[in-house]
Each structure stands twice: as C-alpha cells, then as structure tokens.
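# Coordinates in review
In case you want the letters, here they are:
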Amino acid sequence: MKDKNLPIQGLKVTLHKRPNGMPKESDFQVSNFQVKGPKDGEILVETHYLSADPFQRMRLNAFSGYGKTISLGDTIKGRIAGKVIISKNPKFQKGDFVEGMLGWKTHAISDGSQIRAEYAPGVTQIDKKIAPIPAWLGILGFPGITAYFSLIETGKLEKGNTVLVSAAAGAVGSIVGQIAKIYNCKVIGITGSDKKVKHLIDNLGFTYALNYNKGNISKSIKSFAPGGVDIFIDNTGGPIADEVYLNLNLNARVVLVGNISQNNQSSEIQRKDLQNMIMRNRATVSGFIVYDFEDRANEARKKISKWIKEKKIKYDQTIEVGIDNAPRALISMLKGGNIGKQLIRLPISIKENT
Ligand SMILES: NC(=O)c1ccc[n+]([C@@H]2O[C@H](COP(=O)([O-])OP(=O)(O)OC[C@H]3O[C@@H](n4cnc5c(N)ncnc54)[C@H](OP(=O)(O)O)[C@@H]3O)[C@@H](O)[C@H]2O)c1
C-alpha cells in the first residue's frame, strides 16, 4: 500500500541548534507534521508519554561517543509509550499499548518488530495488568532492565555485598539500590541534594546516602563502608567516580553504566590515577550497554514485576505535561530536577486517563 496522509496534524520535537554545554530550550523546536497511515505490516501509534533520558543529550552533539548523533532538523531520538490507533499488523489490535524508540512526536509508525537495536522501529507490548503505562518507560523499561542486569549480571551481585550507586535517586540508581537491598546488601547512594538523600534513606530503604555537593565524598564513603565497596554502579563518571575508586574493596566490580557528569562538559577534566586504584584492588571494570541484554529484557521485567507486587520495590516518576515542555523536562533531568523517571505526559493521556 502507498503512504496515505491521514486527516491528522502531529507535533514533533526537532534539534534546532547544537547545544554547547547544558542545552537550552531554544536549541529545540516543536513543529507540526502531516501524519501518514501505516503500510501493510505496520502500526500507527499515538503517543501518551515521552521519556527523557540522559543518552538523548549525547545524540545532540556532532560526535556522540557511542550511538548515532542526530542532524539539525531531525526529530529527537527518544522512547515513547502510546496507543495503537491503526494496525496493519496482525500481532497488534487497535487500542493496544506499546513502548519503543519511536522518537519525540505525537504520532509514530512502527514496523511491529521486536526492538533489536538502538534505533530499530520495533515495539514492546505493554501489559497494563502488570503495571501502568508510564512504568514501561521506567522500572519495566530500559532503566529497570539496565539496573537489573548491570547489578546482577555484570556486577556479579552476591548477598551481603557493599553496593554503591551514583545518580542514586534517578531512574536507574533508585532501582539498583532497592534490588541490592532485596539481596541483603549494604547500599550507599550518592546524589545531588539533601532532599534526595532523605528520600533514599526514608522511602527507598538505602542504608546510607550522601550529597556529593557537601563535604568530602571519599571520607563519607569510608565511614559508611570501612571494608570498602564491592560493587560500584557508576552512573555519573567524573569526580564522583574518582572518590569511589579510592574506596574499592579487594576484587571489587565497577560497572560503567553512565557518564552524565561529563555529558554537558565542553572540555575534559583532569582525572586521578584510576588505573593504579584498579590495579592495586585487583578490581574488574566492565562497560555496560543495556542493548546487549535486549533478548533477556523479559527476564528482568518478570523479576521486577514480582518485586513490585510483593511491595519490595517502589518507583518514582517526575512528570511534565505537554510536548512543548519536553525540552524543559530533559534539561531539568540533566540538572537533577527529577526524582525517579523523568517523563512527559501528553494531553491525550490525561483525556483518556492512561
Ligand atoms: N549503559 C546503558 O545502557 C545505560 C542505560 C540507561 C541509562 N544509562 C546511564 O545511567 C545514568 C542514569 O540514567 P537515568 O536514566 O537513570 O537518569 P536519572 O538518574 O533519572 O537522571 C539523571 C540524574 O543524573 C544526575 N546528574 C546530573 N548531572 C550530574 C553531575 N554533573 N554529577 C552527578 N550527577 C549528575 C542528576 O541527579 P542528582 O540530583 O543526584 O545530581 C539527575 O537526576 C546516566 O548516566 C545514563 O546515561 C546507561
């Protein structure tokens, strides 16, 4: 079938100007586009939630580090959750909800395949009986899957370990800490405000938490974990990570999950002698990319869903409303304005109460 225009004008967020350092709202543009109908095998999805994720910042640069960058005028790469409004694929019914990397727009076409690569136009079916739709972008989406596999598989989690996680109050970090608690670990969270420190301890059950903007990070870690850190889930890189390396236990596992502290830097910072600290502690440092666990995503979802049901794990969401406010939500998350998963809810979701 040929592409057919529908009587629907959509909205999309595009890159207007490459940011230098922290992005500004004026680096983005929100504009109309003509929505086309799906071809045979495809589905048309109406977006209910957009996800704001740190990786999107890297894609705005001319050189991304890993993954493809986007060009000026391109739609911002991003995950969405939404409703199938036209299906030309027998696997999907009109009214189904799905999640996928379909870009920051109000209407998107998917080929109905399962996601296999970062920008594949595939989707995951959402089961609202397991958890509400936005949870599929957070705890049951890539942040939850990242938390699960980075800690359990790559970090080789063992009961009773001392686990330290940075960006601890965010989407990935908050789940890492709570999974570690389920395994009776001592859990230390590093975050950017006293409010978040209190939240981690009082509401999420972390053993200790510290505000990286206050005091000596290394000394605080030493007082919480005199025997050293067994697993470090590094979500930030940069100077915070340097302080953690000073406190590694023998045979520690360091999992490099994210580098958010460096994503908005315009020049490289001077680092401590990390290699020496790795060597003397016989530590293992592993890179982690969630897409390597794509085929096993349901394993993580099943386990996490069970923990949600048993009330062993909680998830927080910070929600902005309206596609016009998506750039603001992304910038706020990059500055630490979120607790848990940063999402953008679209008016259709409010109207349909999804
Ligand atoms: N490798 C993978 O496959 C994979 C998959 C998903 C996510 N990630 C990475 O995991 C990390 C967390 O992602 P997320 O989605 O869960 O985001 P998030 O933690 O929900 O949000 C980002 C948080 O980063 C913290 N932050 C921002 N600038 C910082 C800085 N200069 N120094 C220290 N902390 C800073 C802020 O919290 P504070 O208030 O605490 O500063 C902010 O809330 C990111 O680095 C992301 O790139 C990697």
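Every value quoted in this text rests on a predicted model; they were computed, and no experiment measured them. (Residues numbered from 1 in each chain as written. Predicted model: local features only at pLDDT ≥ 70, side-chain atom pairs only at ≥ 80, totals over all residues. Heavy atoms only, no water.)

## A look at the domain arrangement of the protein
Taken domain by domain, the protein consists of domain 1 (5-138 + 316-352) and domain 2 (142-291). If you average the C-alpha positions of domain 1 and of domain 2, the two centres end up 29 Å apart. Facing 22 residues of domain 1, the contacting portion of domain 2 comprises 16 residues. Linking domain 1 with domain 2 are zero salt bridges, by the criterion used here. Remark: the boundary between domain 1 and domain 2 carries six residue pairs in polar contact (both at pLDDT 80 or more). Mapped by element, the contributors of at least two residues to the side of domain 1 that touches domain 2 are helix 1 (55-58) and helix 10 (326-334). Of the residues belonging to the side of domain 1 that touches domain 2, the class tally is ten nonpolar, seven polar and five charged. (Domains from an automatic or database assignment. Contact = heavy atoms within 4.5 Å. Salt bridge = Lys/Arg side-chain N within 4 Å of Asp/Glu carboxyl O. Polar contact = N/O pair within 3.5 Å; in protein donor to acceptor, adjacent residues only side chain to side chain. Helix = DSSP H or I, 4+ residues; strand = E, 2+ residues; numbered from the N terminus. Nonpolar A, V, L, I, M, F, W, Y, C, P; charged D, E, K, R; others polar.)

## Structural notes on the site of the ligand
Lining the immediate surroundings of the ligand are 26 residues, of which Lys196, Tyr212, Asn235, Val290 and Asn338 lie closest. Note that an oxygen atom of the ligand is positioned 2.8 Å from one of the backbone N or O atoms of Ala171. Here an oxygen atom of the ligand sits 2.9 Å away from a polar atom, N or O, in the main chain of Gly192. Protein chains shield 89% of the accessible area of the ligand, which is 910 Å² for the free molecule. When contributions to the shell around the ligand are tallied by element, the ones reaching two or more residues are helix 3 (171-182), helix 7 (260-263) and helix 10. For the shell around the ligand, a count of residues per class yields 13 nonpolar, twelve polar and one charged. (Near = heavy atom within 4 Å. Areas by Shrake-Rupley, 256 points an atom, 1.4 Å probe, with all protein chains shown as cover.)

## With respect to a nonpolar patch on the surface
A cluster of nonpolar side chains, contributed by Ile319, Val321 and Ile350, occupies part of the molecular surface with about 230 Å² of accessible area. Here Val321 shows up in strand 14 (residues 317-321). (Patch = residues over 30% accessible without salt bridge, like charges linked within 9 Å, V, L, I, M, F, W, Y side chains within 5 Å.)

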